[in-house]
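Breakdown of the fold
Here are the chains, one letter per residue:
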Amino acid sequence: APAIYTPELLAKLGKSLQEGEAAKGADKAVADRLRFTRLGYEVLTAYMAMVTAAATEVDYKAAVAAGERGLAAREKLTQMNATFTTYKVIGEHGYAWWPGEVQQYKELLPFTDGTKGQLVAKLPLVWNFRRDPKDVGVKEGWAKQAPDLKAWDALPKPVSAEDRTKNAGNWEQLRADQYAQAQGVITADYQSYTGHAWYQTDVELTAEQAAGKLKLRFPGMFNECWLYINGEQVAHRPFKGVWWMNDYRFEWDVDVAGKLKPGKNSVVVRINNPHHFGGLFRRPFLYRPVGG
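The sections below set out a description of the structure shown in this document. Since the structure is predicted, the reported quantities are computational estimates derived from the model, not experimental observations. (Residues numbered from 1 in each chain as written. Predicted model: local features only at pLDDT ≥ 70, side-chain atom pairs only at ≥ 80, totals over all residues. Heavy atoms only, no water.)

Moving on to the packing of aromatic side chains. Under the counting rule described, the total for this entry stands at 23 aromatic pairs. Between Phe 285 and Tyr 287, the ring centres sit 5.9 Å apart and the planes meet at 45°, which makes this aromatic pair tilted. Residue classification places Phe 285 among the buried positions, given a relative accessible area of 0%. A relative accessible area of 2% places Tyr 287 in the buried class. (Phe/Tyr/Trp six-rings, centres within 6.5 Å; stacked < 30°, edge-to-face > 60°. Buried < 20%, exposed > 50% of the residue type's maximum accessible area, 1.4 Å probe, protein only.)

Here's what the structure looks like:
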């Protein structure tokens, strides 16, 4: 959804809707259609607020509130006319559906608010990224190397998908709140990039943050993954091939106690993406389990 409904687009839609409402006059049919449109817009903006709070800001309390607000608007839309929505007919079961997504954020919240865990640090929103179509990164030791971003820095900003493709042999940068292909990681013939790829970021921690029990939570990540901290592999996450064959939470929770140190730490994630969606799409965070 964030790849399509950008903040700029939402603002433009909202402005057009306000202009329509201001000019509606007394015609009931027009008023009814505008109410339909307003409720649809409320559903959309609430969903996007939920996604932004969860995926970008690691604010699950705000995500739950926005999600519930959107579901209430959707219910009003259904009450207006049952043909405007489908969920009551087809049913909603599990995390693949909107109520399930809200439930997931309710379940993540206790790991950041002190109930089950205390938030230690949000990992950076922007990560370094490198495609590895020939799967040579392990052999060449990419997990231990500092990314060379000279070629990336030389590209005009914002970087187009075409320029990303031309730069594909080098390191580039991606946000952690959107899957890779939505950010232009595609092939020269505009297909989704598949195969191996690497994410890397540096995390600065104090001695207090690095001590004791510590877990690294990836609340939204596709694909089979390998986690490296300061050059050493610490975990592997299996995955059932294509994304739709897996648990729709797409989470990975890794025990990293004793793996991080005070000061700068390099965190690297290697992925194997066999089809379409690849990589991170919700911002990871470090937390300390209660009692740690």
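Picking up after the structure, the text goes on.
Our focus in this paragraph is the sheet that holds strand 10 (residues 263–273). Within the open sheet, the six strands sit side by side as 3-2-4-10-7-8. Their pairing is antiparallel. Where the open sheet ends on each side, the last strands, each with one partner, are strand 3 (172–175) and strand 8 (232–237). Pairs of neighbouring strands in the sheet enclose a mean axial angle of 30°, with direction left out of account. Here six bridges tie strand 7 (residues 224–229) to strand 10, and the two strands are oriented antiparallel to one another. The residue of strand 10 that forms the bridge with Tyr 228 is Val 268. (Pairing = 2+ DSSP bridges. Helix = DSSP H or I, 4+ residues; strand = E, 2+ residues; numbered from the N terminus. Axes fitted to C-alpha atoms, helices over the stretch in contact; angles between N-to-C directions.)

Turning to the pattern of salt bridges, a few remarks are in order. Summed over all chains, the structure comprises 17 salt bridges. Note that Glu 232 is salt-bridged to Lys 144, the shortest N-O span being 3.8 Å. A residue pair is termed long-range when its members are at least 10 positions apart, and Glu 232 in strand 8 and Lys 144 in the loop between strand 2 (126–132) and helix 6 (150–153) qualify at 88 residues. For Lys 144, a relative accessible area of 62% translates into the label exposed. Note that Glu 172 and Arg 164 form a salt bridge whose closest N and O atoms lie 2.6 Å from each other. A residue is classified by how much of its surface remains accessible, and Glu 172, at 0% relative accessible area, is buried. Salt bridges sharing partners connect three or more residues here, namely Lys 215, Arg 217, Glu 251 and Asp 253. (Salt bridge = Lys/Arg side-chain N within 4 Å of Asp/Glu carboxyl O.)

Here we take up the sheet that holds strand 12 (residues 285–289). Spatial ordering of the open sheet is given by 1-12-5-9, a layout of four strands whose pairing is antiparallel. The open sheet has two edge strands with one neighbour each: strand 1 (117–122) and strand 9 (252–255). Strand-to-strand twist in this sheet, taken as the mean axis angle between neighbours without regard to direction, amounts to 30°.

What follows covers the packing of helix 3 (residues 60–80) against helix 5 (residues 98–108). Here helix 3 crosses helix 5 at 160°, and the two axes come no closer than 9 Å. Relative to helix 5, helix 3 is oriented roughly antiparallel. Between helix 3 and helix 5 lies a crossing whose hand is left-handed. Residue-level inspection shows Tyr 60, Ala 63, Val 64, Gly 67, Glu 68, Gly 70, Leu 71 and Arg 74 of helix 3 in contact with helix 5, the latter providing Trp 98, Pro 99, Val 102, Tyr 105, Lys 106 and Leu 108. Of the residues belonging to the contact of helix 3 with helix 5, the class tally is nine nonpolar, two polar and three charged. (Parallel < 35°, antiparallel > 145°, perpendicular 65-115°, else oblique. Left-handed = near helix turned anticlockwise from the far one by under 90°. Contact = heavy atoms within 4.5 Å. Nonpolar A, V, L, I, M, F, W, Y, C, P; charged D, E, K, R; others polar.)

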